[in-house]
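Chain residues, written in single-letter form:
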Amino acid sequence: MIKDRLFSRKAWIVCLTILMVAAVVLAGCKSSSGGGGGGSGSSGSSGSNDYSEHLTITVFSNAANYQGEQTGWYGKLLKDKFNITLNILAPQVAGSQLYNTRVAGGDLGDILVIDNSQLEELIPAGMVLDLTDMIQNTKHLSQYVEKHFKPFNSSFTEVNPEGRIYAMPTFIAPTSPTTFSEELPYSSPILPWDYYQGIGAPKINDLDHLLEVLKTMRDQYPKAPNGLPTIPITLWKDWDGGSMENVRWISNWYGYEHPEGTTTIQLSASGDIMPLIDDRSNYKKVLQFLFKANQMGLVDPDSAAQDWNKVAEKLTNKQVLLLWYTWQRGFYNTIARGMNGDGYAAVPIADVHILQTSDAYYGNGRVFAIGSKAKNPQRIMDFLDWYVSPEGLRYTINGFEGFNYERTEDGKFRLTEIGQTAFQDNTPVPDEYGGGGYQDGQYKINSLIIGDFGTDPETGEFYNSNYWSHTLAANDTKLRQEWQQMFGTTNATEYYIKNNMIDIVPNINTSLGSDSSDIKNKRSQISDYVKDASWKMVFAKDQAEFDQLWSKMQTDVKGLGWDDVFAVDSERAQKIIRLRAEALANQ
Amino acid sequence: MTALRRSTDVTDIIITILTYVLFSAFTFICVYPFYYIIINTISANDISARGEVIFWPKQVHFQNYIDIFKVPGLWNALMISISRTVLGTTLTVGASAFLGYMFTKDKIWMRKFWYRFTIITMFFNAGIIPWYLTMKTLGLTNNFLAYILPTIVAPFYIILVKTFVESTPKELQQAATIDGAGTLMIFWRIMLPICKPILATVAIFSAVDQWNAFQDTLLLVTDSNLYSLQFILYNYIKQASSLSTLVNLQNAGSTAIASLATEQTTTSIRMTVTIIVVAPIMFVYPIFQRFFVKGIMIGAVKG
Amino acid sequence: MTAIGGDRLRTKRRSLKNESAIHFLYILPFLILLAIFAYLPLYGWIYAFFDYKPPIPLSKSPFVGFKWFASLVETQVKIDQLIQVIKNTFGISGLMLMFSWLPMIFAIFLNEIRAVRFRKAVQTLTTLPNFISWVLVYSIAFAMFSSEGMVNGLLRQLGAIDSPILFLQDSSHVWLTMWMWITWKSLGWSAIMYIAAITSIDESLYEAAYVDGATRMQVIWHVTLPSLLPTYFVLLVLQVANFLNNGLEQYFVFQNAFNKEYIQVLDLYVYNLAIGGGSYSVSVAISMMKSLISVALLFSVNQLSKWLRGEGVV
């Protein structure tokens, strides 16, 4: 009896399995026809406008945080225009080994959005196409060759001695190498405006004074609007690279940056190279500042254990007092709140001298390239050409005219009602454009060649809608007005420039070379050590422990190969200094 | 069950009480975090983020789940995951049962050597690049079989089955041999039914492995039609956490305050995903539990 | 007569050989699968002896011999670091070995529960933690043990403490804490194997014990436990062989600057090296060493088992 029942169960399972296998086979058939069928288009030279055959383009993008096909309204747009579907591969999702394995397998992708250092490796391996000839024939890309692409590609002197064009840098801001267009420096002191007013808006002289101000603020406003306690300073470890990232960016306030590609030095605008472990370094100064803050009970005790998501929540709830990244304001600030004078705003400290890199005239650390195994380079080129055209930029950055923004009488653009919240609310897009949510359908490559600080030839304004004159007018809140009244300029960047409290250095974009395996290993061990020691110093029991940890670090990192890594980093810094001087000279 | 009862004494009663107390306590600390996750996924997200949802859900809503079901490609991925779980588990259980039994047979040529050959692979890790290149050469990139073939021979499960078989009375097999049954016949008619408990164990372990697997997808599969459920959801979590930063970037110049109650945080998404992924397992698990039942042996030996 | 007897003997020998060959053929396809997926990729161990940096192919990469292995111990600081890492690995793996009998005892006493519904519920519910990913476990741990978390809140309400205890940054008792988390997460799940084994115990053994008037503990000691020991020893040997493999995820999510010294097990150390920009070859070198050590451990413990118990596991 039992046996009979078991038998029928077995049969049932077998049937189910057969059904499943059948379903999979059918699905498999679909996938092979979808994936493989598109590749056999005509080769590059002939019929550049023949889009009759559907093409799936594999995009390997370091910037993407989504892996899969580009669907939604942007996907439809590309399908209608070029008959292509983008299949995005994202190392941020699949892991950094995705690069290693695909490169070892010989085919990274059709469109590559990769780091400068990776480009430097791929050129000699023959894995990227030489674009010099194709780019001459484009309508829009060719405009940027002389001033942007050529200098960039030529700077890779070792692997590209002839200066051929292999790649196009990302987020190019075609303003100038000495302009800085944003309203706030990337890192500067930021406080809640209403709290600042509430304690009497004192003029802050230096870091010690800042600590007192924070203490007063916290004592006066012990709880955030939602009832949770106020935290003057909060830190997090998620983005620590060569050192404590939070410390790195506060160091910028006093004129020293950690150039990308180095981990052991700080560099000033005048070209002073300072080792991190030097007793006079800004790194130590900021660590000391945070240590003092912690001694005064102003630092979040959960800093070491929490992750960025937790910090984001605290920012959204207005629990944190001191911010430094300009974009952190966005977690709390809204227009409605601004109307009440409530929100985060820049509060300059008298003795700062901020180091700020200019607009990314030469691009921003990554590149767009075309893989050497790409099947239809011409069509890809056509797509990339559109990508930098005004039409392409408008679609990619701002969506649809008539839906997200509209034309005004004075020939400029203005965000529509829908447009103001389309992204946050994931507003449904009309079917004729492709349907689906606006946010869902956005472009997933997540990187641009010409960035949003390009100028739209029709309106004369930036593509970035936050800087449109109409948006600025709408944003003219009480908060902004009070701020302008107190500090006498339109925005914080202007204030710092006017009062000589900022140095804008040219944003140099080039590969500084990749480490030999030796240096790589040493660098990673040193970084680990420095990070751990830094955290311990911030939370040290007393000054004695702080000093002891610092000196021990100075000795120990020598044992990990500090001198070798420092030599490499100094050489890189010299290259940066030289390129900056050249950029200024060529102005 | 037997009609005879064992003798009880004071120790017995103490042990009984202790057992109930300890198991209840341990079960509670196992269940509570799960309960915590569930009530947080159906409570208003901003209250949840503040850590105020501890015992009861507050401001119940199901938007978190609805949002996930809208993720593109979810249903296809679900089909893929179910297929690979069913097919993969069936094959793994079959192979483990067969090999576990065969390795108990002394008469196989160089049995010990081949057994060791199989077992030590548990400790091998060749590195991700050679593994990827091997799979690529075999044509297993963007291929459904990549989910199945490498998992069929699983040394750990083979060991489990072998140990189990060795603990069964030898008379069963001997009786069948005398009756003229061959090795395969004995395997099919006698060992399989007897091994039901351990095969159910292997099935549940293997099914959970297949259901939760997505490391294999990460590098081998780029065709979105073959993405498994776990991968789609992982993708979703990753995207959402960076989107929430982007949203706030945009916020700096917008008029709206998005409804924080239903606006997602990364943690709320992670929790919702966990429930969605675990729920099917919890439904299927009791089916396997039925195999943990005594009594199959009695009739076999006596009869 | 002899001729016929000899014939029969020869036939019997031949049929035995045939049988062993045929049986081998039955398992051959599986061995081939194994050879392809597990042994073939091992050619990749060769990368450990080169300075391999994709996309430069192996043929053009410089040969460096044992350089990576030596680099792990080339300066005193590195040696100190490595020693601490090994201590951590030993500490945690050691604790786990010490308590490896827990799932077995769990299964045995679970089996003692008479109330069927309660027992089944406990069995199912205690497997739940296994399904919560370590990332989420940490979120929950943070919600409970951070300075604003539930535990500190409760302690403060009770007046037991003034300022919060920073549980998650505590550098003392790290191994114990990690062991408790692992146990919580895996106890119910690992017990499944033993529960399955218990169901295969012959009823007649129990009957004999009752007839002899045995108490509950005596039954467990003389009947249940001995039947589970084979499974236990197999799993124990495997656990010893896996001594160096603690896994990555758990330690990665719990690590921070304050507990790092004691939480960094070998797997996490390798990961931190690689992610910080260490080369691919180094990670291959280390994982190769771990594989070889694991196999060596496996056969050593197996030999030990043979000497002590009279039979090996492998």
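Residues numbered from 1 in each chain as written. Chains lettered and ligands numbered in written order. Predicted model: local features only at pLDDT ≥ 70, side-chain atom pairs only at ≥ 80, totals over all residues.

### A look at the nonpolar core
Then step 1. The biggest cluster of nonpolar side chains holds 290 residues, and the ones touching the most others in it are A:Val128, A:Ala369 and B:Val161.
Then step 2. With 12 residues, helix 8 (residues 174-198) of chain C is the single largest residue contributor to this core.
Then step 3. When residues of this core are sorted by domain, at least three fall in each of domain 1 (55-177 + 362-470) and domain 2 (187-357 + 477-585) of chain A.
Then step 4. Once you skip the residues sitting within four places of it in the chain, B:Val161 turns out to touch B:Ser96, B:Ala97, B:Gly100, B:Tyr101, B:Cys195, B:Ile198 and B:Val202. (Core = buried A, V, L, I, M, F, W, Y, C linked by C-beta atoms within 7 Å. Buried ≥ 20, exposed ≤ 12 C-beta atoms within 10 Å, placed from the backbone. Helix = DSSP H or I, 4+ residues; strand = E, 2+ residues; numbered from the N terminus. Domains from an automatic or database assignment. Contact = placed C-beta atoms within 7 Å.)

### A few points about the sheet that holds strand 10 (residues 323-325) of chain A
Whether parallel or antiparallel, the strands of a sheet pair through hydrogen bonds between backbone atoms.
Residues and elements named next belong to chain A.
Then step 1. Across the sheet, which stays open at both edges, the 3 strands sit in the order 10-6-11 with antiparallel pairing between neighbours. In this open sheet, the two edge strands, each paired with only one partner strand, are strand 10 and strand 11 (344-346). Sheet twist, expressed as the mean angle between neighbouring strand axes with direction ignored, is 40°. (Pairing = 2+ DSSP bridges. Axes fitted to C-alpha atoms, helices over the stretch in contact; angles between N-to-C directions.)

### Here's the deal with the packing of helix 10 (residues 216-241) of chain C against helix 14 (residues 280-309) of chain C
Relative orientation and spacing of two packed helices are given, respectively, by the angle between their axes and the distance between those axes.
Residue and element names in this part refer to chain C.
Then step 1. As a packed pair, helix 10 and helix 14 sit with axes 8 Å apart at the nearest point and diverge in direction by 145°. Helix-helix and strand crossings are classified by hand; for helix 10 and helix 14 the assignment is right-handed. Contacts from Phe233, Val237, Val240 and Ala241 in helix 10 reach Ser294, Leu297, Leu298, Val301, Asn302 and Ser305 in helix 14.
Then step 2. Of the residues assigned to the contact of helix 10 with helix 14, the class counts are 7 nonpolar, 3 polar and no charged. (Left-handed = near helix turned anticlockwise from the far one by under 90°. Nonpolar A, V, L, I, M, F, W, Y, C, P; charged D, E, K, R; others polar.)

### A short note on the interface of chain C and chain B
Then step 1. Contacts between chain C and chain B engage 73 residues on the former and 75 residues on the latter.
Then step 2. At the level of secondary structure, the elements contributing two or more residues to the side of chain C that touches chain B comprise helix 1 (2-39), helix 4 (102-112), helix 5 (116-125), helix 6 (134-145), helix 8, helix 9 (203-211), helix 10 and helix 14 of chain C.
Then step 3. Split by residue class, the side of chain C that touches chain B holds 49 nonpolar, 17 polar and 7 charged.

### Some thoughts on the packing of helix 4 of chain C against helix 10 of chain C
Residues and elements named next belong to chain C.
Then step 1. Relative to each other, helix 4 and helix 10 sit at 135°, their axes nearing to 11 Å. Taken together, the axes of helix 4 and helix 10 are oblique relative to one another. Relative to helix 10, helix 4 is oriented so that their crossing is right-handed. For the pair formed by helix 4 and helix 10, the contact residues are Met104, Ile108 and Glu112 on the first element and Arg216, Ile220, Thr224, Leu228 and Tyr232 on the second. (Parallel < 35°, antiparallel > 145°, perpendicular 65-115°, else oblique.)

### Remarks on helix 21 (residues 543-559) of chain A
Residues separated by three or four positions in an α-helix point in the same direction, a consequence of the helix having 3.6 residues per turn.
Residue and element names in this part refer to chain A.
Then step 1. With 17 residues, helix 21 should cover 24 Å at 1.5 Å per step; its first-to-last C-alpha distance of 25 Å lies within 8% of that length.
Then step 2. When we look at burial in helix 21, the residues that qualify are Phe546, Met553, Asp556 and Val557.
Then step 3. The first or second residue beyond helix 21 is Gly561, which carries a positive phi of 100°. (Expected span 1.5 Å × (residues − 1).)

### Comments concerning unusual backbone geometry
Residue and element names in this part refer to chain B.
Then step 1. The backbone of Met110 sits at a positive phi, close to 55°, despite the residue not being glycine.
Then step 2. Within the secondary structure, Met110 is located in the loop between helix 4 (74-102) and helix 5 (111-119).
Then step 3. The class of Met110 is exposed, set by 11 C-beta atoms lying within 10 Å.

### Details of the domain arrangement of chain A
All names here are of chain A.
Then step 1. Under the domain assignment, chain A is made up of domain 1 (55-177 + 362-470) and domain 2 (187-357 + 477-585).
Then step 2. Summarising the inter-unit geometry, the C-alpha centres of domain 1 and domain 2 are found 31 Å apart.
Then step 3. Across the contact, 14 residues belong to domain 1 and 10 residues belong to domain 2.
Then step 4. Among the elements that take part in the side of domain 1 that touches domain 2, helix 5 (residues 116-122) stands out by supplying 5 residues, more than any other.

### Here we look at the sheet that holds strand 7 (residues 256-257) of chain A
All names here are of chain A.
Then step 1. The strand order across the open sheet built from 3 strands is 7-8-9, with neighbouring strands paired in antiparallel fashion. Every other strand in the sheet has two partners, leaving strand 7 and strand 9 (273-275) as the edge strands with one partner each.
Then step 2. Bridging between strand 7 and strand 8 (residues 265-268) involves 2 bridges; their strand directions are antiparallel. Within strand 8, the residue paired with Tyr256 across the bridge is Ser268.

### Thoughts on the pairing of strand 4 (residues 111-115) of chain A
Residue and element names in this part refer to chain A.
Then step 1. Counting buried residues in strand 4 gives 4 out of 5 residues, a clear majority hidden from the surface.
Then step 2. With 3 bridges connecting them, strand 1 (residues 55-61) and strand 4 associate as parallel partners. Residue pairing for strand 4: Phe60 is matched across the bridge by Leu112.

### A closer look at the pairing of strand 3 (residues 84-89) of chain A
Residues and elements named next belong to chain A.
Then step 1. Where burial is concerned, most of strand 3 is hidden: 5 out of the 6 residues are buried.
Then step 2. In terms of strand pairing, strand 1 meets strand 3 through 6 bridges, oriented parallel. Within the sheet, the bridge partner assigned to Thr56 lies in strand 3 and is Thr85.

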